[in-house]
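Reading the structure
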Amino acid sequence: MFFKFFGAAIAFVMAGLPALAETPLERGRYLMNSIVACGNCHTPQTPAGPAQGMELAGQFLMSIDPFTAYAPNITPDVETGIGGWTDEQIIAAIREGRRPDGSIIGPPMPVEFYRDMSDNDVKAIVAYLRSVPPVVNVVERSTYNFPLPASHGDPVISVAEVSRDNLVEYGAYLTTGLGHCWACHTPLVNGQLDVENQMGAGGQILDGPWGVAVTPNITPHEDGIRDYSDADIAQAITKGLRPDGSPLSPPMAFYYYQNIAADDVAAIVAYLRTIDPKPLP
Ligand code: HEC
Ligand code: HEC
């Protein structure tokens, strides 16, 4: 009886003060196993979820006309992973898409969205990357049939924390800087994501072991989620189910998204309701 009461009191305090209760490593563990989900690309995936003992050890991703992409080993193994990189070098790889030798990281790593990651969150992710077991695994290099840009934009010096007080703004941060939802849910025009005009309109074709998936429209348009209840949207994101209960297709990171905290899901839903409605292309 006493313990039951005590546990409830602690849970209540932690729910009220998440920022104070969390260490960077705890924050990183939460992010990496929920909304950020780097493992959806960097961990070998099986139909049952991420492969055992291979967390973040890299895998073949896709071969399409313009490129063949492999997600590298980002475990702390010094020889085959990123164990020899400094924190600053890892942060530059994530937010600026640049390796320590100055070479540019190519698609589909969603660097243009990770630019918005706050200093605290990117440091929390680095703390988590340092905590996973090193795995010796040599991954092939990607090949691109076009020149990669000289950079992914201006250097990212510092990104401030986004306050949770404004649900919609925090939802925008979760969806963009942390979750890179637009990388899949926005159509390509001439090979480039048309975020400016068609953010969230869907229609991208994603071919893989799951077959061919066409990303749905997730704007508040009638082609999108206008008629979904908040619970329908939350269920799609965290359970991978349509309102009628039928399963949605990979490669959305459902295995990781099931761990997104209810407050964060609510912020994402609130934000999705506010974006410009756009028709499916
Ligand atoms: C959509 C798939 C995808 C996601 C999501 C993704 N990456 Fe990557 N990442 C890649 C690919 C592909 C490359 C290699 C591109 C190339 O060869 O130029 C890469 C390269 C890297 C590199 C450079 C490693 C090296 O040895 O060259 C690091 C570090 C990295 N990613 C970290 C991360 C982290 C941390 C996250 C999550 C915050 C993340 N990535 C999310 C696909 C992804
Ligand atoms: C790696 C690509 C990818 C990423 C990243 C991604 N999604 Fe998806 N999403 C998909 C695919 C594929 C489907 C399901 C397609 C199908 O089964 O018809 C889907 C389905 C959905 C649905 C269901 C829509 C419907 O019509 O029922 C919602 C809502 C959704 N995604 C929201 C999000 C949000 C929010 C994020 C970011 C947290 C996100 N997605 C990130 C690929 C992605």
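Residues numbered from 1 in each chain as written. Chains lettered and ligands numbered in written order. Predicted model: local features only at pLDDT ≥ 70, side-chain atom pairs only at ≥ 80, totals over all residues. Heavy atoms only, no water.

**Focus on the pairing of strand β3 (residues 59–64)**
Looking along a regular strand, one sees side chains alternate from face to face of the sheet. Inspection of the sheet shows β3 paired to strand β4 (residues 67–71) by five bridges, in the antiparallel sense. The partner of F60 across the bridge, within β4, is Y70. Count of turn residues in the β3/β4 antiparallel hairpin: two residues. (Pairing = 2+ DSSP bridges. Helix = DSSP H or I, 4+ residues; strand = E, 2+ residues; numbered from the N terminus.)

**Points about the coordination of the iron atom of ligand 2**
Distances from the iron atom of ligand 2 to its protein donors, namely H185 (NE2) and M252 (SD), fall within the range 2.0 to 2.1 Å. Considering all six donor atoms around the iron atom of ligand 2, the spread of angles at the metal, 88 to 179°, places the coordination shape in the octahedral class. A residue pair is termed long-range when its members are at least 10 positions apart, and H185 in helix α9 (residues 182–185) and M252 in the loop between α11 (230–239) and α12 (254–257) qualify at 67 residues. Residue H185 is classed as buried on the basis of its relative accessible area, which comes to 9%. (Donors = N, O, S within 2.8 Å, 3.2 Å for Na, K, Ca; no water. Tetrahedral: all angles 85-135°; square planar, octahedral: opposite > 155°, others 65-115°. Buried < 20%, exposed > 50% of the residue type's maximum accessible area, 1.4 Å probe, protein only.)

**Observations concerning the coordination of the iron atom of ligand 1**
In this structure, H42 (NE2) and M109 (SD) serve as the protein donors to the iron atom of ligand 1, at separations of 2.0 to 2.2 Å. Metal-centred angles of 87 to 180° between the six donor atoms at the iron atom of ligand 1 mark the site as octahedral. One end of the pair, H42, is in helix α4 (residues 39–42); the other, M109, is in the loop between α5 (87–96) and α6 (111–114), with 67 residues separating them in the sequence. For H42, a relative accessible area of 10% corresponds to the buried category. Among the residues examined, M109 registers a relative accessible area of 22% and is labelled partly exposed.

**Points about the site of ligand 2**
Around ligand 2 lies a shell of 21 residues, among which C181, C184, H185, Y228 and M252 are the nearest. Contact between ligand 2 and Y228: an oxygen atom at 2.5 Å from a side-chain N or O atom of the residue. One of the side-chain N or O atoms of R242 is found 3.2 Å from an oxygen atom in ligand 2. Of all the elements in the fold, those that place two or more residues in the shell around ligand 2 are α9, β9 (211–214) and α11. Of the residues in the shell around ligand 2, the class split is 16 nonpolar, four polar and one charged. (Near = heavy atom within 4 Å. Polar contact = N/O pair within 3.5 Å; in protein donor to acceptor, adjacent residues only side chain to side chain. Nonpolar A, V, L, I, M, F, W, Y, C, P; charged D, E, K, R; others polar.)

Such coordinate-based values are descriptive only and should not be taken to indicate function.
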